[in-house]
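Residue-level structural notes
Each chain is listed here by its residues.
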Amino acid sequence: MIRRYDFGIPFPTEAVVLDLTPNPEPLPHFTKKGTKLNFFLKLERDTVVYGLGESNRGLNKRGYLYESFCSDTSTHTPDIFSMYGAHNFLLISGKNTFGVFIDCPEKITFDIGYSDYDDLKISGESTDYTIYIIEEDNLRSIIRSFRTLIGESYIPPKWGFGYQQSRWGYSKESEFYDIADQYQNLDIPLESIYMDIDYMEAYKDFTVDPSRFPNFKTMVSDLRSRGIRLVPIIDAGVKIEEGYSVYEEGVEHGYFCEDETGKPFVAAVWPGRVHFPDFINPAARKWFGEKYKILTDCGIDGFWNDMNEPAIFYSEEGLEETFSYLDSIRDTNIGIKESFGMREAIENLSNNPKDYDRFYHNHNGERIVHRKLHNLYGYMMTRAASEGLHSIQEDKRFLLFSRASYIGMHRYGGIWTGDNSSWWEHLLLNIKMMPSLNMCGFLYSGADLGGFGCDTTYDLMIRWLQFGLFTPLMRNHSAISTREQELYQFSSTGYFSKLLKFRYRLLPYLYSEFIKAVKCHEMFFLPLSFEYEHDSLSRSVEDQLLIGESLMSAPVYTQNAAGRYVYLPESMLMVKFDSRLERTCEILEKGHHFIDLSLEEFVLFIKRNKFLMLAPEANNTDSLDCTSFEIIGYSDKTDVLSYDFYDDDGISSKVDLSSMLQVQISKKDSVWKLSNQIPQIKITKIDIMEASVY
Ligand code: MIG
C-alpha cells in the first residue's frame, strides 16, 4: 500500500508516475515539528535503515548524516555528507517496517542516528513537498511497490553491458586507434572507448575539434567496423562565444537560466564563462535534446552527461567577492587569519551554495530560484537528452547515463558513481552502493573501475574487475595525470584477457536478469537480508550480494588478502575460478567459511536449485553468441530445474518479457538433459552438482 501526503504546494518533479490522491490524515510513523520539513522517528537498537541510493558509507545507513544535495564532490572520504545524486528514499526495517520517499527538490538532511543514535531526523528548509509511505509484507515487496510508484527503469542497449575503456585526456584521433589496436593485439575484449572533454573544440558542447579529429565520421565507422563504439561526454554549461550556434540560439530564445536582472546567468566551468541551459523549461529541454543529433549523425549512439549538479568553478559574483577580499588584505601584515582567509576565499569560489541563490528557472512563466529546484538539474538534463534521442530515432535504444540525478531520472538513463579514487575502500563502497541504487530505480550503473583519482595498482585493478564482472556498467575510467590504467598498461595482461572474456560468458545471464528486474520492478543486486529476511545474520552482511535469481557474489576487496570469509544463509554451490578461468565446484553448507582466493582467483556462488547459463567467450557483443550455452547448477534433492531466460536483439526500444524462454533441465537415468525443445537455443553441456553426492 502506498499513501501520499502533500505539504504546501509541491513542485511537479515528475519523480512518480502514479497519480495518487493525497491523504488528508497526518503522516503516520513520524512526529512533525514546526512548519518546515522536519520529521522525527525513534529507532530501536536493531532497526536497520536502508536506502538513499548514491550516498556514502554502508548499506545500513544507521549512524551517520547524509545530505541530499547534488554535489560535485571530488574526494569521497568517509566524512562527506553528499554526493552527485539526491535519492530521498529510506527503507526502515525494524519493529515497524516501511518505505518513505520525500519528493522535494531542495536540500534535505537525513540524520540517521548521528546526533543521537536512537533518533532519525529528516529536515530541510522547504515547506512544499510530498511524502509517500509504502507498507507491504516484506522488504522486497516494499521495493517493488516503490518502484511501481516511480516507474520503469531505463534499459540500455545490450552493448552497454560490454567492457568499456575510458580516461580523461584522450585528445586526438591516433590515441583512439591506438587503444583499439592495443586491446585487439593483446586479444583483450573491448566494447567501447569514451571521449572525455578533450574531444571538443574549446570544451564547446556538440563540437568535435577538427584539428585533432579531421576525419571524425570515418573514425567512428572504422572503429565501429572493428566492434568498438565511441561514447562522448556532454557537459551542462554552454560556452559564451559569439558565432557558436548553441550559445547564440540559447540566448535568442531565452533558453538559459537567468540572473536577478533577467540576463543569462554567467558561471564558469571548463570552457571558461558559460550559461546554463534551463532544463526546467520544456522548450529548452527540447532544444538541447535535439542537439545530440549533431553527434548521432556522425554514427554515435551513446553519451554520458557530466557536471550537471551543476558544478560551478566560479560565478562573477563569487569572483568579485574573492578579489575584493584579497584587495582588502593586500597591504596588511598577512597573518594566520588572512592566510587561511585567502585559501578559503579561493576554495569557496567553486561549488559555492551561494551561487545557487543567484540564478533562476522559468517554470511556465514563473521565476523560481535555482536553490529550490537544485536536485532536479541533472535529472532534467538527462531527460532532455533521452527525449531528444527518442525523437531522433524512436525505435532504437541509446546508451545514456549521467553524473547528477534525482529519483525519476532512472526512467531516462543510468548513472555512474563519479570521481572515486584508486583506493581499496572505494571498491568496498562500490559493492555497498549498488543495492541502494537499485532500490531507487537506478539499475544501469557502475563505478569507475580501477578508481578515478590517484594511482591504481595491478592488484586493485584485478580485484575491482572481479567485482565489476557483475556490474551492468563495466567501465574502466581514470583522471588525467594519474597512472595510466588501460589494461595493456600493466606488465602482465593475460589474466585480464581471460577475465573479460568471462564477462561475455556471463553477459546473457546479466542481461536477462537486468531486463527482468526492470520489468518486474525487482533489484538486480539484492542484499542477503532481502532474500533471507528471517535469517538474522544476513542483516549485517554488506559485502556479499545476490545477483539476479541464481547468483551470489563475494568479492575480495582488501589488498594482499589470501581470501575472505563468506557467510552462507543456506547451502550453495561454490564455483571458484583460477587464473586460467578454469573452475572447481563444491557444495558448501549454511554458515561461515573461509575461502582461499589468491590474486588471480575469484569465486561466485550458485543458489540451491538454481543454475547459470554461460555463453561462449567473446571479445565484444557483436561477436557474442547468445544461442549456445553451457549450464552449471546446484540441485538439492530435485530432478527438475528451470530458468526463465530473456534475450532480444539488444537494440530496439520495444522490450517485453513475452519472448522469455523457460529453460528446463531434468535428470533421467542419472543424466541431466534439456527437457523441453527450445529451437532458439542450444545447450552444449550440463554440469549439475547434487547435494546428495556431497
Ligand atoms: O571536473 O571531464 O566525473 O568522470 O573525467 C572534472 C573530466 C570533470 C568529472 C567527471 C569525470 C571526468 C571529468 N569531469
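None of the values given here were measured: they were computed from a predicted structure.

Mapped onto the elements, Gly-289 comes out in helix α5 (residues 282-290). The buried category is assigned to Gly-289, whose relative accessible area is 0%. Along the chain, Gly-289 and Phe-89 lie 200 residues apart, while their C-alpha atoms are 28 Å from each other. Once residues within four sequence positions are removed from consideration, Gly-289 is found in contact with Ala-384, Ala-385, Gly-388, Leu-389 and Ile-392.

Two elements in contact, helix α7 (residues 316-330) and helix α8 (residues 336-347), have axes whose closest approach is 10 Å; the angle formed by their N-to-C orientations is 165°. When the axis of α7 is compared with that of α8, the two are roughly antiparallel. The element α7 and its partner α8 pack so that their crossing is left-handed. Where α7 abuts α8, its residues Thr-322, Tyr-325, Leu-326 and Ile-329 lie against Lys-337, Glu-338, Gly-341, Met-342, Ala-345 and Ile-346.

This part is about the sheet that holds strand β36 (residues 610-614). Across the sheet, 3 strands lie side by side as β36-β37-β41; this open sheet has mixed pairing. Since the sheet does not close on itself, it has two edges, and those belong to β36 and β41 (682-690), each with one partner. Averaged over all pairs of adjacent strands, the angle between their axes in this sheet comes to 15°, without regard to strand direction. One ladder, built from 8 bridges, connects strand β37 (residues 628-635) with β41; its direction is parallel. If you follow Ile-631 over to β41, its bridge partner there is Ile-686. Along the sheet, helix α13 (residues 494-519) makes contact with β36 and β37, crossing β36 at roughly 125°.

Another point: the packing of aromatic side chains. Inspection of every chain in the model, using the stated rule, returns 61 aromatic pairs. Relative to Phe-359, the ring of Phe-265 lies with its centre 4.7 Å away and its plane at 20°, an arrangement referred to as stacked. Note that Phe-265 is positioned in the loop between α4 (245-253) and β16 (267-269) and Phe-359 in the loop between α8 and β20 (360-363), a separation of 94 residues in sequence. One exposure class covers both Phe-265 and Phe-359, and it is buried. Looking at Lys-107, its charged tip hangs above the ring of Phe-69, at a distance of 5.6 Å from the centre. The lysine or arginine in question, Arg-475, covers the ring of Tyr-194, its NZ or CZ lying 4.8 Å from the ring centre.

For the ligand, the set of nearby residues contains 13 residues, the closest of which are Asp-196, Asp-306, Arg-403, Asp-419 and His-477. Within the side chain of Arg-403, an N or O atom sits 2.9 Å from an oxygen atom of the ligand. Between an oxygen atom of the ligand and a side-chain N or O atom of His-477, the distance comes to 2.9 Å. Against a free-state accessible area of 350 Å², the protein chains account for coverage of 95% of the ligand. Here the shell around the ligand is built from residues that sort into 8 nonpolar, 1 polar and 4 charged.

So, about the domain arrangement of the protein. By a widely used convention, the size of an interface equals the accessible area lost when the partners come together. Domain boundaries in the protein define domain 1 (2-150) and domain 2 (512-690). Once you take the C-alpha centre of each, domain 1 and domain 2 turn out to be 33 Å apart. Of the residues lining the interface, 16 residues belong to domain 1; the matching set on domain 2 comes to 15 residues. Between domain 1 and domain 2 lies a buried interface of about 1400 Å² when both sides are counted; carbon and sulfur atoms form 49% of it. Sorting the residues of domain 1 by area buried against domain 2 places Leu-59, Arg-140 and Arg-147 first, and these three jointly supply 44% of that buried surface. Remark: the boundary between domain 1 and domain 2 carries 3 salt bridges. One salt bridge connects Glu-522 with Arg-140, and the closest N-O pair in it is separated by 3.3 Å. On inspection of domain 1 and its partner domain 2, the count reaches 11 residue pairs in polar contact (both at pLDDT 80 or more). Elements with a contribution of two residues or more to the side of domain 1 that touches domain 2: β4 (48-51), β7 (89-93) and α1 (139-150). Looking at which element gives the most residues to the side of domain 1 that touches domain 2, the answer is α1, with 6 residues. Taken together, the residues of the side of domain 1 that touches domain 2 sort by class into 6 nonpolar, 6 polar and 4 charged.

Cut-offs applied
Residues numbered from 1 in each chain as written. Predicted model: local features only at pLDDT ≥ 70, side-chain atom pairs only at ≥ 80, totals over all residues. Heavy atoms only, no water. Helix = DSSP H or I, 4+ residues; strand = E, 2+ residues; numbered from the N terminus. Buried < 20%, exposed > 50% of the residue type's maximum accessible area, 1.4 Å probe, protein only. Contact = heavy atoms within 4.5 Å. Axes fitted to C-alpha atoms, helices over the stretch in contact; angles between N-to-C directions. Parallel < 35°, antiparallel > 145°, perpendicular 65-115°, else oblique. Left-handed = near helix turned anticlockwise from the far one by under 90°. Pairing = 2+ DSSP bridges. Phe/Tyr/Trp six-rings, centres within 6.5 Å; stacked < 30°, edge-to-face > 60°. Lys NZ or Arg CZ within 6 Å of the ring centre and 35° of its normal. Near = heavy atom within 4 Å. Polar contact = N/O pair within 3.5 Å; in protein donor to acceptor, adjacent residues only side chain to side chain. Areas by Shrake-Rupley, 256 points an atom, 1.4 Å probe, with all protein chains shown as cover. Nonpolar A, V, L, I, M, F, W, Y, C, P; charged D, E, K, R; others polar. Domains from an automatic or database assignment. Buried area = accessible area lost by both parts, 1.4 Å probe. Salt bridge = Lys/Arg side-chain N within 4 Å of Asp/Glu carboxyl O.

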